[in-house]
Protein chains: 4
Amino acid sequence: MLPQHFDLLKGLVNTNYVEQAQQARNSRSKQVTALLTQRRLPDVGWKEEDIQLLLEEMASFDTNNFQGNVGVGEREGRVISDLVRRRHFGLTHGIGRSGDVMAEQPKAAGSSLIVQLTKYLALDAIRLAGIKAVKACAVLPAATGLTMTLVFLALRQMRPEGRYVVWSRIDQKSCFKAIGAAGLEPIVVELKPIEGTDALGTDIEGMQAAIERVGADKVLCICTTTSTFAPRVPDFIDEVAMMASKLNVPHVINNAYGLQCSKCTHLIEMGCRRGRVDAFVQSTDKNFMVPVGGAIVAGPSSTLVDKVSNLYPGRASMGPVLDLFITLLSLGASGWTGLLQERKENAKWFEEQLATACQKLGLRVLKARLTHLMAASAAWKKGSLPGWLAGN
Amino acid sequence: MLPQHFDLLKGLVNTNYVEQAQQARNSRSKQVTALLTQRRLPDVGWKEEDIQLLLEEMASFDTNNFQGNVGVGEREGRVISDLVRRRHFGLTHGIGRSGDVMAEQPKAAGSSLIVQLTKYLALDAIRLAGIKAVKACAVLPAATGLTMTLVFLALRQMRPEGRYVVWSRIDQKSCFKAIGAAGLEPIVVELKPIEGTDALGTDIEGMQAAIERVGADKVLCICTTTSTFAPRVPDFIDEVAMMASKLNVPHVINNAYGLQCSKCTHLIEMGCRRGRVDAFVQSTDKNFMVPVGGAIVAGPSSTLVDKVSNLYPGRASMGPVLDLFITLLSLGASGWTGLLQERKENAKWFEEQLATACQKLGLRVLKARLTHLMAASAAWKKGSLPGWLAGN
Amino acid sequence: MLPQHFDLLKGLVNTNYVEQAQQARNSRSKQVTALLTQRRLPDVGWKEEDIQLLLEEMASFDTNNFQGNVGVGEREGRVISDLVRRRHFGLTHGIGRSGDVMAEQPKAAGSSLIVQLTKYLALDAIRLAGIKAVKACAVLPAATGLTMTLVFLALRQMRPEGRYVVWSRIDQKSCFKAIGAAGLEPIVVELKPIEGTDALGTDIEGMQAAIERVGADKVLCICTTTSTFAPRVPDFIDEVAMMASKLNVPHVINNAYGLQCSKCTHLIEMGCRRGRVDAFVQSTDKNFMVPVGGAIVAGPSSTLVDKVSNLYPGRASMGPVLDLFITLLSLGASGWTGLLQERKENAKWFEEQLATACQKLGLRVLKARLTHLMAASAAWKKGSLPGWLAGN
Amino acid sequence: MLPQHFDLLKGLVNTNYVEQAQQARNSRSKQVTALLTQRRLPDVGWKEEDIQLLLEEMASFDTNNFQGNVGVGEREGRVISDLVRRRHFGLTHGIGRSGDVMAEQPKAAGSSLIVQLTKYLALDAIRLAGIKAVKACAVLPAATGLTMTLVFLALRQMRPEGRYVVWSRIDQKSCFKAIGAAGLEPIVVELKPIEGTDALGTDIEGMQAAIERVGADKVLCICTTTSTFAPRVPDFIDEVAMMASKLNVPHVINNAYGLQCSKCTHLIEMGCRRGRVDAFVQSTDKNFMVPVGGAIVAGPSSTLVDKVSNLYPGRASMGPVLDLFITLLSLGASGWTGLLQERKENAKWFEEQLATACQKLGLRVLKARLTHLMAASAAWKKGSLPGWLAGN
């Protein structure tokens, strides 16, 4: 409803009530203005109804939803099942154009707007999580693994001689496969025990040796990881970043579910400030609790992020972007930082419970600095522990 | 989104696309303007998305949906189940006030608007169905039976001496019960065979005699019926109306599912023009294909309609009004008249099929003028007949 | 999915996962079994998904949802707008038959089941709220006011001489109108100051005198109220009930939003045990936080409840029943009693805040025993007070 | 509801109605049985309600929807926004495992089932569209462009020497980018005018020459296209396939929106039968009218299809699979073949209109054998032409 409609309403219901309605309209309108001008997470999360209304209004800007429109081309966002149309709020064009997966689409102004806004909201969320150095990001409809592959492929176009990915070992299949999928060869650098602890950490010297062995110009990039399972601790991102800078080798970070952990984001922040970080990749599902299927590639400069977005051939699903947009709007800054804070407290609580439980069972908790991630993922919801852990 | 928002969008996506979006916004806005100014069925039905958007915008005018609102009174439209809230689009205040079930509610401008608009749309639909004499109507959240009771109770407040309802017999329980429920006594007037046919019709003289026997001032009203099963034909509404006028006795018509049948609406139109009709009542489910639960009480003047609406103690469910509002908007004038036309053709087709089938079975179709209703209800969807009828 | 389907699944996914799925199926199935056998609120509320699944399964039992079904009669539950159909989960037949609004419908087994189950759940909720004497109830798609009218009309069929309703005055329009709408005459009995307090209470002697003045057989019923605004306190239900019993006059209680207040339910419980209560009526929206539009008529015996249900002419909207069914399932016994408890605590908190605020403003809180209702309704959500009350 | 529940229902409603309900249950159950055993498109499309019920039942097999389940691991399908959860019907785990994007997931039996069933339904739809030679397919949550890249990357793991993609030129950016994104070099083979027509077609000799120039073992694959714009006609798939077989070079077909066009599917069928086709890729949105974001990679053997699915690193969005599953179930075999037939008729109608319009404007329609695709995409909905074409 537009301002002129409210005058028309006055013939239908009492003027006072119309004015009340108009005030309600204005307060919702201010929310939208704030979103469009500030382009960051709202302080307080939006109500579901307000989000839905915005989505439906934006969907009405896509040509497939125009009144009386019948498209005869190939990019018309036609959807034959009404159940499918509804679950996408009528946003059926997907995202991107042949040239760039983040580019706006001529026939889908509404979808394009959501893509842009989601990018801004995601940037804000990353900053709030502690990586203030972030300058650019793209939200891709591909989970972390495939997004890592895309990052490698993009780097390859910029660095055609690069054949190797120097990789600090982690026993998780996805990133390893991502290297192979991109047609590259991993050089696995084994971990090193960290003195005085049970932990295994990055072997910086080993990495440097590996790079020098094959020649820095043959190395596509160094790949480090923040999200690990004990006793492996997050890679020493800052030290690797400094080495990457020194050797002039790109540095990509697999930050799969590290955005929720201040230790991980601090490491990345330090890496960006002190050394070289070309991109860090994080999953949307693990960090923002949306369905599996999206990842954010971000960086302290837009060079590699843009290259990835530009490499992407053709259009892509809007689903993961839409899920993230809804979720970030509904959380707001306070919801997001609240979750981060809660995770911290839960992690602490969990460690205590774990220590107690272990003591009872005659076990001990490994001394492994920075291994908060396991606890992290376990502890989104307090009280969620299996009985034997929650203990007695 | 308001006009000023579109300028803000220009920083986010290409100006051309924003202008396209704005045009889409304007065309939807025109639709709303037309509805609010013309207050009749749109020529062409609205798309589901546009209806939903309007509902959600109107819901946002109800105080329970205000941002930051916390109501502390008793009329706050609180709903604890989100599933329930959603199925009502957040419209939870119901309709009416203590004084009048059609009255607007101070805390629910949006709900009140929908009530008013539905009234106008229903009036238009009744006119398009052939009753041009209609001047007022109220959509009640009570099916035909209870609505008849409410009409009788309202008449009673206007005519306290009235104890009897003179009723042209029809073998259907609901209206008979409605009379009893109102604490009144039915005077059943038997039907008369119509010469030269197999039909049973209204005994006009019998009715007059019945009225004169108890005294016209003791008669609360005459009650006639348009929706009948063969061999009973619709009551001779026009003749009864003339008698009602002559004897100065109110006349209420049970038009349960007669709105869809041009023969029935023509009879009522004639009755209104030539004689006395105080109100005619029709179900929303049978005529407009919404879930059971609503009825429209209408009349050639607003006297009795207003009295009924005014009699209603307290608030009431908005559900049946909402269903009718959605349905009328989605049908539009063309959809509604199209259905009426289709019914006519189906009725004809059905009669032919029936004749053929009967001939085969050695039966004959009753000659009963005006008995289209059975066919009517059977024939909303062509091809819907059981095999033995359609078949050969 | 039925047990045999799980074997078929084994060809599609790993047997272990199928077994896991089957266990999930069984645990949901147990929930359903408990509901059908115990017919009371589940201990813990159901998840929204489980409720929706049950609704959709039950809807599939209504003939309008049969596969390949094409109905040709008049009671086919046809719905033309898909948006409308969805918001009713396909339950479109409404409730009741001509004979009885609580009766099952031949074409709508699913809807009929929901009506029956809702009745049982409502009975359990009333008992949990403190009225253990309740034996029967009917959930009507009419708000409190109209339901009071229906109760009066039903009583009238049982007590045709009754013309007067003896009514302990309360300055709220709805019940007064309900008496008039039923064609009855109210005899208003003024309140009496309660010594040593600021409160106004029931004038028992005045009531008895009023009854004796017109003659007990001319009195249709006594009508009392539990939900009041200070300084009027709830009627002395137990004393009135004893008098009603002594004088052999029916006694109907307007318990509009009294179910949520243990003081009110205690009064009714005492009335039922010690004297005569024919029925008590409560709104579904105010007590169970559903949209406006339903009421429960209940009683310590089924006589009047059945009569009301039996009086109702024709079918009726299922909406309010459906909302209550969903809400009661989602609350469960623990959710419902939790709300009652929370209200008690909030009322206490509110009284303290009120006292403090009044003191500051040089006002005093009225001494009015039992006037918790105002606080009650205000206090569903703690922290909901306007600034000047909460403040300092 | 399970069989045992129906006995319990008998205590609540009439036995006859329960039996009716049970029959309804059985008929729905048969539908499910047919789907699970036949694993092909149902003859007639399912009703939306039945699809939704199946989705919800399957979702209840995923651990995140288990009653009382609290997951503490990293793969728990946690979703914080209820709006997001609902639009995915609770299916939040995504698809695949690290090892294989089509593999079943231990914690998501329901999602896994849908992935498997969608694969079977898609295979059936491809066969019905005319490619009977198809033996395997995978539905990927990536649009055609990226899926082509994935196919190239998979081929590269099988054929590490392959560096070139021999590509029959088409002026559309997406496939060209797909080659580059995979880090490969395109060898563009120009088109040849087809004698006696205005058309441009495949230069078979030119292709062979190009392959021989760089050496067949250096050629990763030949890439042909079926979906083209006039005057370019679809590549001569069968002839290319024979050459590919002869030269022992893989052959990948970009069949972007060719599934809907019998000419294109016939070409692929011929290619598979007479020569070598390793895979053909088609978009889900253009062929099945779902939102943009998915593609099907299919082939006459499972070798390359499996390799692609196996190459995919990590999990992926389920969205595009879900959209296709819903759409194929709702179309059924008759709906799908009906659309194909309708497209054919519309294409013919369109050509006639185009000829007439051109004649009026003094233009002529190009003689270009097989160029039905433009018409194809234009003609999904008859009557959709701009005024100047629909003409007079």
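Per chain, the residues get numbers from 1 upward, laid out in the order the sequence is written. A letter from A marks each chain and a number from 1 marks each ligand, given out in the order of writing. At least 70 in pLDDT is required for a residue's local features to be given in this predicted model, at least 80 for side-chain atom pairs to be given and counted, and no such filter applies to totals for whole chains, interfaces and linings, which use all residues. As a convention, hydrogens and water are excluded, and side-chain values are obtained from all of the structure's heavy atoms.

Draft legend 1. Here's a closer look at the overall build of chain A. Only runs of H or I of at least four residues qualify as helices and only runs of E of at least two qualify as strands under DSSP, and these elements are numbered from the N terminus. Looking only at helices and strands, one finds 15 helices and nine strands in chain A. In terms of overall dimensions, chain A has C-alpha extents of about 80 × 60 × 40 Å along its principal axes. Residue burial is assigned from relative accessible area. The probe radius is 1.4 Å, only protein chains are included, and a residue is buried under 20% of its type maximum, exposed over 50%, and partly exposed in between. Put simply, chain A has 392 residues, and 64% of those count as buried. For chain A, the exposed area adds up to about 13,500 Å²; of that, 51% sits on carbon and sulfur atoms. If you average the places of the 45 positive and of the 37 negative side-chain charges in chain A, the two averages end up 1 Å apart. Residue burial considers only the protein chains on display, and all accessible areas are found by Shrake-Rupley using a 1.4 Å probe. His is not counted, nor are the chain ends; Lys and Arg add positive charge and Asp and Glu add negative charge. The location of each charge is read from NZ of Lys, CZ of Arg, CG of Asp or CD of Glu.

Draft legend 2. Quick look at the relation of the copies chain D and chain A. Note on the copies: chain D fits chain A at an RMSD of 0.1 Å, the axial shift is 0.0 Å, and the rotation between them is 180°. One copy is carried onto the other by what is essentially a two-fold rotation axis. Taking C-alpha positions as the reference, the residue of chain D nearest the rotation axis is R87 of chain D, at 2.5 Å. Superposition of the copies was done by least squares, using only C-alpha atoms of residues whose pLDDT is at least 70 in both.

Draft legend 3. Inspection of the side chain of D124 of chain C at higher detail. Residue and element names in this part refer to chain C. Within the element layout of this structure, D124 appears in helix α5 (residues 109-128). Side-chain atoms alone can form a polar contact between residues adjacent in sequence; in general such a contact is a pair of N or O atoms within 3.5 Å, and within protein one must be able to donate a hydrogen while the other accepts it. A distance of 2.8 Å separates a polar atom in the side chain of D124 from the backbone nitrogen of L41. Discounting chain neighbours no more than four positions away, the residues touching D124 are R40 and L41. Any two residues whose heavy atoms approach within 4.5 Å are treated as being in contact.

Draft legend 4. Summary view of the side chain of T149 of chain C. Following the sequence through the fold, T149 of chain C ends up in helix α6 (residues 144-158). Overall, T149 of chain C belongs to the buried group, its relative accessible area being 1%. In contact with T149 of chain C, other than residues within four places in its own chain, are L153 and P313 of chain B together with A178, A181 and A182 of chain C.

Draft legend 5. Summary view of the sheet that holds strand β9 (residues 295-299) of chain C. All names here are of chain C. Read across the sheet, seven strands follow the order β1-β9-β8-β7-β6-β2-β3 without closing on themselves; strand pairing throughout is mixed. Bordering the open sheet on either side are β1 (136-140) and β3 (185-189), each of which pairs with just one other strand. Across the sheet, the mean angle from the axis of one strand to that of its neighbour is 20°, orientation sign disregarded. Pairing analysis gives four bridges linking strand β6 (residues 219-225) to strand β7 (residues 251-254), with the strands arranged parallel. Within the sheet, the bridge partner assigned to T225 lies in β7 and is N254. DSSP-based pairing: two strands are paired if at least 2 bridges between them are found. Comment: axis = line fitted to C-alpha atoms, over the contacting stretch for helices; angle = value between 0 and 180 degrees taken between N-to-C directions.

Draft legend 6. Focus on the sheet that holds strand β1 (residues 136-140) of chain B. All names here are of chain B. Ordered by their spatial adjacency, seven strands build an open sheet running β1-β9-β8-β7-β6-β2-β3, and the pairing between neighbours is mixed. One side of each edge strand has no neighbouring strand; the edge strands of this open sheet are β1 and β3 (185-189). Neighbour-to-neighbour, the strand axes of this sheet turn through a mean angle of 20°, independent of strand direction. In this structure, β1 lies alongside strand β9 (residues 295-299), joined through five bridges in antiparallel fashion. The residue of β9 that forms the bridge with A138 is V297. Against the sheet, helix α6 (residues 144-158) contacts β1, β2 (164-168), β6 (219-225), β7 (251-254), β8 (279-283) and β9, and its axis sits at roughly 150° relative to β6.

Draft legend 7. Here's a closer look at helix α7 (residues 173-181) of chain B. All names here are of chain B. Looking at α7, one finds that the buried residues are S174, C175, K177, A178, I179 and A181. Two to three positions downstream of the cap, the backbone nitrogen of S174 sits 3.2 Å from a side-chain oxygen, assigning the N-cap of α7 to Q172. In the segment just after α7, G183 is the residue with positive phi, at about 80°.

Draft legend 8. Quick peek at the interface of chain D and chain A. At the junction of the two partners, chain D supplies 73 residues and chain A supplies 74 residues. Two parts lose some accessible area (1.4 Å probe) when they are put together, and adding that loss for both gives the buried area. The largest per-residue losses of area from chain D upon contact with chain A belong to I80, L83 and R87 of chain D, which jointly make up 13% of the total buried on that side. When a carboxyl oxygen of Asp or Glu is within 4 Å of a side-chain nitrogen of Lys or Arg, the pair counts as a salt bridge. One salt bridge in this structure joins E48 of chain A and R86 of chain D, with 2.7 Å as the shortest N-O distance. Elements represented by at least two residues in the side of chain D that touches chain A include exactly α3 (48-59), α4 (82-87), α6 (144-158), α7 (173-181), α11 (284-288), α12 (303-311), α13 (319-360) and α14 (372-378) of chain D.

Draft legend 9. The arrangement of the pattern of salt bridges in detail. If you walk through the whole model with that rule in mind, you get 84 salt bridges over all chains. Between E205 of chain C and K192 of chain C there is a salt bridge; the shortest N-O distance is 3.4 Å. Taken together, the residues span a long stretch of sequence, with E205 of chain C in helix α8 (residues 204-214) and K192 of chain C in strand β4 (residues 192-193) at a distance of 13 residues. Residue classification places K192 of chain C among the partly exposed positions, given a relative accessible area of 37%. Residue D82 of chain D is joined to R85 of chain D by a salt bridge in which the shortest nitrogen-to-oxygen separation is 2.8 Å. Taken together, the residues D82 of chain D and R85 of chain D, both in helix α4 and three residues apart, mark about one turn of the helix. For R85 of chain D, a relative accessible area of 14% puts it in the buried group. Through salt bridges with shared partners, one network takes in K47, E48 and E49 of chain A, D82, R85 and R86 of chain B, K47, E48 and E49 of chain C together with D82, R85 and R86 of chain D.

Draft legend 10. Fine view of the pairing of β9 of chain C. Residues and elements named next belong to chain C. In terms of burial, β9 is largely enclosed, as five of its five residues are buried. Bridge analysis of strand β8 (residues 279-283) against β9 gives four bridges, and the strand direction is antiparallel. Bridge pairing in β9 links V281 to V297.

Draft legend 11. Spatial organisation of the packing of aromatic side chains. Here a pair means two rings of Phe, Tyr or Trp (six-membered ring of Trp) with centres within 6.5 Å. Their orientation is stacked below 30 degrees between planes, edge-to-face above 60, and tilted elsewhere. Within this structure, the stated rule accounts for twelve aromatic pairs over all chains. Between the aromatic rings of F61 of chain A and F6 of chain B, the centroid separation amounts to 5.4 Å while the plane-to-plane angle is 55°, which identifies the pairing as tilted. Of the two residues, F61 of chain A is situated in the loop between α3 (48-59) and α4 (82-87) and F6 of chain B in helix α1 (residues 3-9); the pairing between them involves two chains. Accessibility classification places F61 of chain A together with F6 of chain B in one group, the buried group. In this structure, K119 of chain A packs its charged tip against the face of Y120 of chain A, placed 5.3 Å from the ring centre. For a lysine, the NZ atom is tested; for an arginine, the CZ atom; a charge sits over a ring if that atom is within 6 Å of the ring centre and within 35 degrees of the ring normal.

Draft legend 12. Summary view of unusual backbone geometry. Cis geometry is adopted by the peptide bond preceding P231 of chain C, which originates at A230 of chain C and carries an omega value of 10°. Relative to the helices and strands, P231 of chain C is located in the loop between β6 and α9 (237-247). Here the phi dihedral of F89 of chain C falls at roughly 55°; this positive angle occurs in a residue that is not glycine. Of note, F89 of chain C is situated in the loop between α4 (82-87) and α5. For M289 of chain D, which is not glycine, the phi dihedral falls at a positive 50°. Tracing the backbone shows M289 of chain D in the loop between α11 and β9 (295-299).

Draft legend 13. View of the confidence of the model for chain A. Residue and element names in this part refer to chain A. When pLDDT is averaged across chain A, the result is 90; 93% of the residues are at 70 or more. Confidence over residues 370-392 falls short of pLDDT 50; this stretch has 59 contacts with residues more than four positions distant or in other chains. Our summary of model confidence lists the complex with pTM equal to 0.94 and ipTM equal to 0.93. A score from 0 to 100, pLDDT tells how confident the predictor is in each residue.

Draft legend 14. Representation of the pairing of β7 of chain C. Residue and element names in this part refer to chain C. Going residue by residue along β7, you find H251 and I253 tucked away on one face and V252 and N254 tucked away on the opposite face as well. Read as a crossover between parallel neighbours, the route from β6 over α9 to β7 is right-handed. Here β7 pairs with β8 via three bridges, running parallel. Bridging from a neighbouring strand, I253 pairs with F280 of β8. A clockwise course of the path from the first strand over the helix to the second, judged with the strands pointing away from the viewer, identifies a crossover as right-handed. With helix α10 (residues 262-274) bridging β7 and the parallel β8, this β-α-β connection has right-handed handedness.

Draft legend 15. Here's a closer look at the state of the cysteines. The disulfide criterion is simple: two cysteine sulfur atoms within 2.5 Å. Taken as a whole, this structure holds zero disulfides over all chains when the rule is applied. Residue C358 of chain A stays outside any disulfide, its sulfur separated by 20 Å from that of C261 of chain A, the closest cysteine. Taking relative accessible area as the criterion, C358 of chain A reaches 12% and is therefore assigned buried. C223 of chain D supplies the cysteine sulfur nearest to C175 of chain D, a cysteine that is in no disulfide, at a spacing of 3.8 Å. A relative accessible area of 2% places C175 of chain D in the buried class.

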